[in-house]
Amino acid sequence: MLRTSTAVAAIVAGVLAAAPAASAAPVQTSSWPAGNCPRGNFCVWPDWNHPPEGPTATPSLVTSTEWTGRVPAFNFFNYTSRTAEITWSYTYLGTPLTGTLCATAGQGGDLYVPMHATKVTWQTHNC
């Protein structure tokens, strides 16, 4: 049993290691409402909180400008008229992974695992 678990872990780690460092995180975009994200801001929430009216928990990030730092991230909503690029980080079995994802204006999304948002920049292109 231990050999099987170790083999599976090695295969998963190998697949993750082979993935490009800047690959997009798995994201499910949605048209759920902004919840408690103020209009004109980009918001990130640390936990799954997805009632019909949108997220209601305290956001870990609310910004209307480009931002750099490190906050827990699971849900996000771009309540601006611009396209946002989010840089994320995640550690899997001791291996740090990073990447970016695109958040279209007026859309929200869910990350499949809790990560950290480390940067938000505004883009001129659409997702």
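Provided above is the structure to which this section pertains.
Predicted model only: the values in this text are computed from it and were never measured.

Conventions we followed
Residues numbered from 1 in each chain as written. Predicted model: local features only at pLDDT ≥ 70, side-chain atom pairs only at ≥ 80, totals over all residues. Heavy atoms only, no water. Phe/Tyr/Trp six-rings, centres within 6.5 Å; stacked < 30°, edge-to-face > 60°. Helix = DSSP H or I, 4+ residues; strand = E, 2+ residues; numbered from the N terminus. Buried < 20%, exposed > 50% of the residue type's maximum accessible area, 1.4 Å probe, protein only. Contact = heavy atoms within 4.5 Å. Polar contact = N/O pair within 3.5 Å; in protein donor to acceptor, adjacent residues only side chain to side chain.

### Things to note about the packing of aromatic side chains
And then number 1: Throughout the structure, instances matching the rule amount to three aromatic pairs.
And then number 2: Arranged with centres 6.2 Å apart and planes meeting at 25°, the rings of Phe-42 and Phe-76 form a pair that is stacked. Placement of the pair is Phe-42 in strand 2 (residues 42-45) and Phe-76 in strand 4 (residues 67-78), with a sequence separation of 34 residues.

### Overview of the environment of His-116
And then number 1: Position of His-116 among the secondary structure elements: in strand 7 (residues 108-123).
And then number 2: Taking relative accessible area as the criterion, His-116 reaches 25% and is therefore assigned partly exposed.
And then number 3: Once the C-alpha coordinates of His-116 and Thr-91 are considered, the two residues, 25 residues apart in sequence, prove to be 9.6 Å apart.
And then number 4: In this view, His-116 contacts Arg-70, Val-71, Pro-72, Ala-73, Thr-87, Trp-88 and Ser-89; residues no more than four positions away in its chain are not counted.
And then number 5: Here the side chain of His-116 touches Arg-70 through a polar contact of 3.3 Å, side chain to side chain.

### Observations concerning the side chain of Thr-118
And then number 1: Considering the arrangement of structural elements, one finds Thr-118 in strand 7.
And then number 2: Sequence-distant contacts of Thr-118, defined by excluding residues within four places in its chain, comprise Trp-67, Thr-68, Gly-69, Thr-87, Trp-88 and Ser-89.

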